[in-house]
Number of protein chains: 4
Amino acid sequence: MLDYCFKLDFQVRDYECDMQGIVNNAVYQNYLEHTRHEFLKTLGVDFVYFTEKRIHLVAIRAELDFKYPLKGSDLFWVGLNVERVSRLRFAFKQDIYRQEGNKLILNAKITATALNERGRPDKIPELEKAFNSHK
Amino acid sequence: MLDYCFKLDFQVRDYECDMQGIVNNAVYQNYLEHTRHEFLKTLGVDFVYFTEKRIHLVAIRAELDFKYPLKGSDLFWVGLNVERVSRLRFAFKQDIYRQEGNKLILNAKITATALNERGRPDKIPELEKAFNSHK
Amino acid sequence: MLDYCFKLDFQVRDYECDMQGIVNNAVYQNYLEHTRHEFLKTLGVDFVYFTEKRIHLVAIRAELDFKYPLKGSDLFWVGLNVERVSRLRFAFKQDIYRQEGNKLILNAKITATALNERGRPDKIPELEKAFNSHK
Amino acid sequence: MLDYCFKLDFQVRDYECDMQGIVNNAVYQNYLEHTRHEFLKTLGVDFVYFTEKRIHLVAIRAELDFKYPLKGSDLFWVGLNVERVSRLRFAFKQDIYRQEGNKLILNAKITATALNERGRPDKIPELEKAFNSHK
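Quick caveat, the model's predicted, so the values are computed rather than measured.

Caption draft 1: Highlighting the overall build of chain A. A tally of helices and strands in chain A yields three helices and five strands. Reading chain A from its N end, one meets helices and strands in the order β-α-α-β-β-β-β-α. Each of the three principal axes of chain A carries a C-alpha extent, and together these read 45 × 30 × 20 Å. Going through the 135 residues of chain A one by one, you find that 38% of them count as buried.

Caption draft 2: Summary view of the relation of the copies chain D and chain A. At an RMSD of 0.0 Å, chain D and chain A line up after a rotation of 180° and a shift of 0.0 Å along the axis. Those values place the two copies in the arrangement expected of a two-fold rotation axis. In terms of proximity to the rotation axis, the leading residue of chain D is D:F10, whose C-alpha is 5.5 Å off the axis. By residue overlap, the copies meet face to face through one surface: 100% of the interface positions of chain D are interface positions in chain A.

Caption draft 3: Up close: the interface of chain C and chain D. With 19 residues of chain C in contact, the opposing surface of chain D contributes 19 residues. For the side of chain C that touches chain D, the secondary structure elements donating two or more residues are α1 (25-42), α2 (47-52) and β2 (56-66) of chain C. With ten residues, the top contributor of residues to the side of chain C that touches chain D is β2(C). A per-class count over the side of chain C that touches chain D returns nine nonpolar, six polar and four charged. Bridge analysis of β2(C) against strand β2 (residues 56-66) of chain D gives five bridges, and the strand direction is antiparallel. Opposite C:R61, over in β2(D), you have D:D65 as the bridge partner.

Caption draft 4: Layout of the packing of α1(C) against helix α1 (residues 25-42) of chain D. For the pair α1(C) and α1(D), the least separation of the axes is 8 Å and the interaxial angle reads 175°. The angle between α1(C) and α1(D) falls in the class roughly antiparallel. In this structure, α1(C) contributes C:N25, C:A26, C:Q29, C:N30 and C:E33 to the contact, and α1(D) contributes D:N25, D:A26, D:Q29, D:N30 and D:E33. Partitioning the contact of α1(C) with α1(D) into residue classes produces two nonpolar, six polar and two charged.

Caption draft 5: Quick look at helix α1 (residues 25-42) of chain A. Residues and elements named next belong to chain A. Under the 1.5 Å per step criterion, the end-to-end length of α1 is 27 Å for 18 residues, consistent within 8% with the ideal 26 Å. Buried residues dominate α1, accounting for 14 of its 18 residues. In the segment just after α1, G44 is the residue with positive phi, at about 85°.

Caption draft 6: Focus on the relation of the copies chain C and chain D. You can overlay chain C on chain D at an RMSD of 0.0 Å; the transform is a turn of 180° with a shift of 0.0 Å along its axis. With an isologous cut-off of 70% or more, the 100% of interface residues of chain C that recur at the interface of chain D puts this contact in the isologous class.

Caption draft 7: Representation of the environment of B:R61. Along the chain, the position of B:R61 falls in strand β2 (residues 56-66). Each C-alpha atom, one on B:R61 and one on B:Q11, is 26 Å from the other, the two residues being 50 residues apart in sequence. Dropping the residues within four chain positions of it, B:R61 is found in contact with A:L64, A:D65, A:F66 and B:T111.

Caption draft 8: Structural context of the pairing of β2(D). Sheet analysis places β2(D) next to strand β5 (residues 103-115) of chain D, joined by ten bridges and oriented antiparallel. Residue D:A62 lies in a different strand from β5(D), and its bridge partner there is D:I110.

Caption draft 9: Geometry of the pairing of strand β4 (residues 89-98) of chain A. All names here are of chain A. Two elements, strand β3 (residues 75-84) and β4, share nine bridges in a ladder whose sense is antiparallel. In the sheet register, V78 faces β4, and the bridge partner there is I96. With antiparallel pairing between neighbouring strands as the criterion, β3 and β4 make up a hairpin whose turn holds four residues. With ten bridges joining them, β4 and strand β5 (residues 103-115) adopt antiparallel strand pairing.

Caption draft 10: Broad picture of the interface of chain D and chain A. Listed per partner, the contact involves twelve residues of chain D and twelve residues of chain A. Of all elements in the fold, only α1 and α2 (47-52) of chain D reach the threshold of two or more residues within the side of chain D that touches chain A. Looking at the side of chain D that touches chain A element by element, the count peaks at four residues for α1(D). In the side of chain D that touches chain A, the residues fall into three nonpolar, five polar and four charged.

Caption draft 11: Quick peek at the sheet that holds strand β4 (residues 89-98) of chain B. Across the sheet, ten strands lie side by side as β1(A)-β3(A)-β4(A)-β5(A)-β2(A)-β2(B)-β5(B)-β4(B)-β3(B)-β1(B); this open sheet has antiparallel pairing. The open sheet terminates on both sides in strands that have one partner only, identified here as β1 (6-11) of chain A together with β1 (6-11) of chain B. Averaged over all neighbouring strand pairs, the angle between strand axes comes to 25°, with direction disregarded. Contacting β2 (56-66) of chain A together with β1, β2, β3 (75-84), β4 and β5 (103-115) of chain B, helix α1 (residues 25-42) of chain B runs over the sheet at an angle of about 60° to β3(B).

Caption draft 12: Geometry of the environment of D:F50. Residues and elements named next belong to chain D. Tracing the backbone shows F50 in helix α2. Overall, the presence of 18 C-beta atoms within 10 Å leaves F50 in the partly exposed class. For the pair F50 and A114, spaced 64 residues apart in sequence, the C-alpha to C-alpha distance is 10.0 Å. Discounting residues that sit within four places of it in the chain, F50 has contacts with V45, I55 and L57.

Caption draft 13: Examining the sheet that holds strand β4 (residues 89-98) of chain D more closely. Reading across from one edge, β1(C)-β3(C)-β4(C)-β5(C)-β2(C)-β2(D)-β5(D)-β4(D)-β3(D)-β1(D) is the order of the ten strands in this open sheet, with antiparallel pairing throughout. Edge strands, defined here as strands with exactly one partner in the open sheet, are β1 (6-11) of chain C together with β1 (6-11) of chain D. Strand after strand, the sheet turns through a mean of 25° between neighbouring axes, direction not considered. Packed onto the sheet, α1(C) meets β1, β2, β3 (75-86), β4 (89-98) and β5 (103-115) of chain C together with β2 of chain D and runs at close to 65° relative to β3(C). Its contacts with the sheet place α1(D) against β2 of chain C together with β1, β2, β3 (75-84), β4 and β5 of chain D, and it is angled at close to 60° to β3(D).

Caption draft 14: Main features of the confidence of the model for chain A. Looking at chain A as a whole, the pLDDT averages 92, with 97% of positions reaching at least 70. The secondary-structure element of chain A with the lowest mean pLDDT is helix α3 (residues 125-134) of chain A, recorded at 76, while β1(A) shows the highest, at 98.

Caption draft 15: Up close: the environment of B:N24. Tracing the backbone through its elements, the reader meets B:N24 in the loop between β1 and α1. For B:N24, a count of 23 C-beta atoms within 10 Å corresponds to the buried category. A sequence separation of 32 residues divides B:N24 from B:H56, and the C-alpha atoms of the two residues are 26 Å apart. Beyond its immediate stretch of four places on either side in the chain, B:N24 contacts B:E16, B:C17, B:D18 and D:Y15.

The rules behind these values
Within any chain, residue numbers begin from 1 and follow the written order of that chain's sequence. The lettering of chains begins at A and the numbering of ligands begins at 1, in the order of writing. Local features in this predicted model are restricted to residues of pLDDT 70 or higher, and side-chain atom pairs are both shown and tallied only at a pLDDT of 80 or more, whereas totals for entire chains, interfaces and linings draw on every residue. Only DSSP runs of H or I with at least four residues qualify as helices, and only runs of E with at least two residues qualify as strands; both kinds are numbered from the N terminus onward. The exposure label follows from counting other C-beta atoms within 10 Å of a residue's C-beta, where the C-beta atoms are placed from the backbone and the thresholds are 20 or more for buried and 12 or fewer for exposed, leaving partly exposed in between. Copies are brought into register by a least-squares superposition over C-alpha atoms of residues with pLDDT of at least 70 in both. Whether two residues are in contact depends on their C-beta atoms, placed from the backbone: they are in contact if these lie within 7 Å. In this classification, Asp, Glu, Lys and Arg are treated as charged, Ala, Val, Leu, Ile, Met, Phe, Trp, Tyr, Cys and Pro as nonpolar, and every other residue, Gly included, as polar. Strand pairing is defined by DSSP finding a minimum of two bridges between the two strands. Axis geometry follows a simple rule: fit a line to the C-alpha atoms, using only the stretch in contact for helices, then measure angles between N-to-C directions, giving values from 0 to 180 degrees. Angle categories: roughly parallel below 35 degrees, roughly antiparallel above 145, roughly perpendicular from 65 to 115, and oblique for all the rest. In this scheme, a helix's expected span is set at 1.5 Å multiplied by one less than its residue total. Values of pLDDT, the confidence the predictor places in each residue, fall between 0 and 100.

So, in structure tokens, the structure goes:
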């Protein structure tokens, strides 16, 4: 198991499961997004604040490997690492582990960028500062 | 633009948008899943029926390239192609286009397999027959 | 069955079903909201436009009677009527019927109001005009 | 403020907010359902287990009074009380309070019943025992 710079604990809620009795695939992206936002908050970057300023942090590519399904009430955690992959792009490596047996549930890589008020990919000072302080 | 063996029309519902005013990333997986299930129905493969038989069609990998966001009320369609990538795996190529300007919104590749009643990847006769008749 | 001033057709998507194999209760509110927004559009009232102007149409009370569950792939429609219940409040009567057997699925009454830019309940000229033209 | 026999803490996740920047109405039903299921677990009643036995705990009526909206990242809690309202029906009184200022967000009353394997409202021994032990 990797070291993660940020971890967040969750529990599956029954409404997140579909008729197969397992967490619906789309819901994992909710878990991953929430973890990224909570991580960014630890850097002083608040998603709500950015949205109000019309700065959008957006995913441009998601790769998700579904290893094993989560079921209702399962306890699990999401681990996160982030690295800059180009001048304007960041890659979030995010893995989900079920607490029971520390079982790997999902590996994900989410590539993201920031769009300025005009909708163009751009360096956002607050974000740069946050990532620099993080290293 | 590619030829697709199946297309499905949609309209964005406002509740699918997040605070950025655009469709939340996770929702695209809902659109893609619904399109796959509707496509499979045209082959005589009903997801509900399979679930009751405890045969699970599961995604094992998803790759999503987010090209441009959808907004509230946007009309769009999902195109789908499918190919067998190994004895037990299928790849669904799915693209989303907004009707206005036929704008590319998302490219996706979803790799899936079928699990038998014991949870093992397996050839499912109904599915094999469907895919063979489809060619 | 009542006469409705607006009707909208839907089909259940499998991801809207929960582990019981039926549409999750919360999802009916999504159907109802989408129907209200589509109805308002026919009056020239666009929810996205209002949101950008910081005018919020909000539900203040919801009463939902769940009569019979919808299942995956079910075709259904939502019927809507609206009446003013006080100077600043509207009541949307919304019923859901499954197409097969025209079976009653849900009765709902959603009481709503409009909040102005300062977050206070208020008469919104565009909305007044729409409702007056509607009668 | 009432005394509650069960309380559960939550935090709003950004994906639960809609384009108005506030939690979408339907999502409150998710919060309420999750709280009921967690409460039932404390009585030894597991929703997953019941679903597998084809016993369905279903809401038959929901009344929701939306008092004030939750926003992204808000901390809140759901309080729950339950009472039998007839031989086969239970009423869950559920209120949501934002932690900041202990602000009332929502009052809800959810009337529920249990359906046996044949889909009929019925007394379920495990549930009866749980509720009796609870008093």
